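Fold and geometry: a report
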Amino acid sequence: MADDVQGGRGGAPLGPYRRAQVALNVRVVPDVPSFAVDDGFAYAVPEGLDPTVGSIVRVPLGGRRVRGWVVATGAEARMGLREVLSMSGDVPAFDRALLGVLRWAAARYVAPLATLLAKASPPNIPRRGKAAGYAPLGSIESPEQPALRDLGTGSRTIVVAGRVPLAVLAALTGRQAAAGRTSLIVAATAAEADAVESELRGRFGERVVSGGSHRSGAEVTRSWVAGATEAGTIVVGTREVAAWPLAAPGLAVVLGEGRRGMKDKATPTVHARDLLAKRAAAERFSLVLSDVVPTAEALARAGSVSAIGSRGWGLVEVVDRRADPPGAGLLADVTAGALRAAVADGRRVFMFTDRRTTTMRCTSCRTIRRCENCGAAPGGGGECRRCGAPTGACAQCGGRRFEALGAGMSRVASEVARIVGADKVGEAGSGRPVLVGTERDLPMIAADLTIVVDADGPLMAPTYRAAEDALRLLARAVAAAGLGRGRRALLQTSDPGHPVIGALLKGDPVAFVREDSARRAALGFPPGGEILVVEAGGLPPGADRELAHEVGTRAAVLGPAESGGSLRWLIQARDLASTRAVVRGVVGRWREGGARVRVDADPIDL
Ligand SMILES: [Zn+2]
Ligand SMILES: [Zn+2]
């Protein structure tokens, strides 16, 4: 921790002699993505500036002027310090509590502290507006769910299995706003964030502000300032807003906590759910984690689960494709019949397709192709795309032809056109009775019949969390058909006995995820174990042995595997706390030597 000496400007008045000896100074972390500046540097504060922890400043650094953040203030008897040049705006990017969480994240994601401080900051210079305050709110209804009704202040975490209806979101955030507390809502995609924002804005007006990468820098900065300075603001956005400072925070809601959009792909690979869980504890606010299928990580954080409604999705029927002859069409006869009947009845149909080019199966016996060396899906080539081992014929029948699982949208559309006519089928948003789409389209689909063209792709994905992810994706696709009479989903698969299919039929995701979590823990996978992936390109000769050598006996190190000119290691243990610091040292040295290094903590595609 940096030095943090109290008693500068806020302390007793200093005499003229002392004033000459003691310069007020601050510790500043410059905006340079390097571990070397994590501790920051001391700068003197000139007359007229009044920086606090979190202030964004400009400082001289090695002949340049750079942005930086004040991480500590204090009086220190050191002369000859360079001076802070200016302050950028008048709203701090973090307070001590949030700074503590950002330091935790820098260690957790093995990232330079500056990259985390940048996440808490707005794109433009933040200036306090005239603090007019918000208009008072009328009466706010109470959520029907007892667990949600009791959410006040404090750091309770509640897991909701299911979608949180907009009316419940409005009740939750409205009650916080009426009590003068700020709420934060994080959605998985910009479209979903926008839908929530416009609904809440209709009820609560200007106190609802939005952030996210799809908005302009000026707009995001205005929203950021409102959230940071005006208690009672409701901030809605994508994962970027999870690191924003909040005035009097009362509640954060993560919608779709298991969705891919919640985690950054670039360094630092922060997961919005995990960052907010840490913040909720440090800054003492309530946290609601919701998903149609809760993650093992969320269930590990909260003992009890609240349900909204009785069931997250409707009736599911499985179409077994095992008996289909080789070369059978995309849709089984029974599926084609259901499609024809639905269109004749004037019902809306959604054809869900999920194409996985990384997972292949034998065209003659439909067995999934697996690498004999590492067990992963090796892709379609002659070498495993994960470990590089040579791959051969189908292990089951000796066949040598393989196909990607699932089908592209155009192939599905032409098959549907052949059955019900080309004028009946289109993409999402076309208004045609039969819509063909992928995961991207799910948020905007409402249908009477969902047809999952090929469930095997998600089911057979070679990642440690494939089962949970497959259940989530298929449940969302199935849920597009809604609940009620005559509504249902048909799911085509060549593995009808798969446990995920069983959980879909039962409609009980929580029991399934708990079981899957125990299975993962036994193998040392998250959340029962921890994983770091390190990818490096441009290493000097011999450097590739350093990682295994230095991590030594602390954790298992697999690799390096070579792919596309870079090397990839997997580091795994029950607890990687002490290992992260060692990896940080190695990665820092490699980067200083000019190598390109990416670290992924708790990877979701492994
Ligand atoms: Zn392999
Ligand atoms: Zn085969």
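This is a predicted model, so every value here is computed, not measured. (Residues numbered from 1 in each chain as written. Chains lettered and ligands numbered in written order. Predicted model: local features only at pLDDT ≥ 70, side-chain atom pairs only at ≥ 80, totals over all residues. Heavy atoms only, no water.)

Observations concerning the packing of aromatic side chains
- Enumeration over the complete set of coordinates arrives at four aromatic pairs.
- Residues Trp104 and Tyr109 carry aromatic rings whose centres are separated by 6.3 Å and whose planes lie at 85° to one another, so their mutual orientation is edge-to-face.
- On the accessibility criterion, Tyr109 (0% relative accessible area) is buried.
- Sitting above the plane of the Phe402 ring, Arg369 keeps its charged end 4.1 Å from the centroid. (Phe/Tyr/Trp six-rings, centres within 6.5 Å; stacked < 30°, edge-to-face > 60°. Buried < 20%, exposed > 50% of the residue type's maximum accessible area, 1.4 Å probe, protein only. Lys NZ or Arg CZ within 6 Å of the ring centre and 35° of its normal.)

With respect to the domain arrangement of the chain
- When cut into domains, the chain gives domain 1 (16-95 + 109-120), domain 2 (146-307), domain 3 (315-519) and domain 4 (530-601).
- Centre-to-centre separation of domain 1 and domain 2, based on C-alpha positions: 30 Å.
- Contact with domain 1, which involves nine residues of that partner, is made by 15 residues of domain 2.
- Summed over both sides, the interface of domain 1 with domain 2 buries roughly 970 Å², with 68% coming from carbon and sulfur.
- Considering only the surface of domain 1 that becomes buried against domain 2, Val91, Tyr109 and Lys119 emerge as the three largest contributors, covering 62% of it.
- On inspection of domain 1 and its partner domain 2, the count reaches one salt bridge.
- Close ionic contact of Asp264 with Lys119 constitutes a salt bridge, the shortest N to O distance being 2.7 Å.
- Here domain 1 is connected to domain 2 by three residue pairs in polar contact (both at pLDDT 80 or more). (Domains from an automatic or database assignment. Contact = heavy atoms within 4.5 Å. Buried area = accessible area lost by both parts, 1.4 Å probe. Salt bridge = Lys/Arg side-chain N within 4 Å of Asp/Glu carboxyl O. Polar contact = N/O pair within 3.5 Å; in protein donor to acceptor, adjacent residues only side chain to side chain.)

So, the packing of helix H2 (residues 96-108) against helix H3 (residues 113-120)
- H3 packs onto H2 with a crossing angle of 135° between their chain directions and a minimal axis gap of 9 Å. As summarised for this structure, H2 and H3 are arranged oblique, according to the angle between their axes. Every pair of crossing elements has a handedness; the one defined by H2 and H3 is right-handed. Taken together, the residues of H3 that come into contact with H2 (itself represented by Leu99, Leu102, Arg103, Ala105 and Ala106) are Leu113, Leu116, Leu117 and Ala120.
- Class assignment of the residues belonging to the contact of H2 with H3 gives a composition of eight nonpolar, no polar and one charged. (Axes fitted to C-alpha atoms, helices over the stretch in contact; angles between N-to-C directions. Helix = DSSP H or I, 4+ residues; strand = E, 2+ residues; numbered from the N terminus. Parallel < 35°, antiparallel > 145°, perpendicular 65-115°, else oblique. Left-handed = near helix turned anticlockwise from the far one by under 90°. Nonpolar A, V, L, I, M, F, W, Y, C, P; charged D, E, K, R; others polar.)

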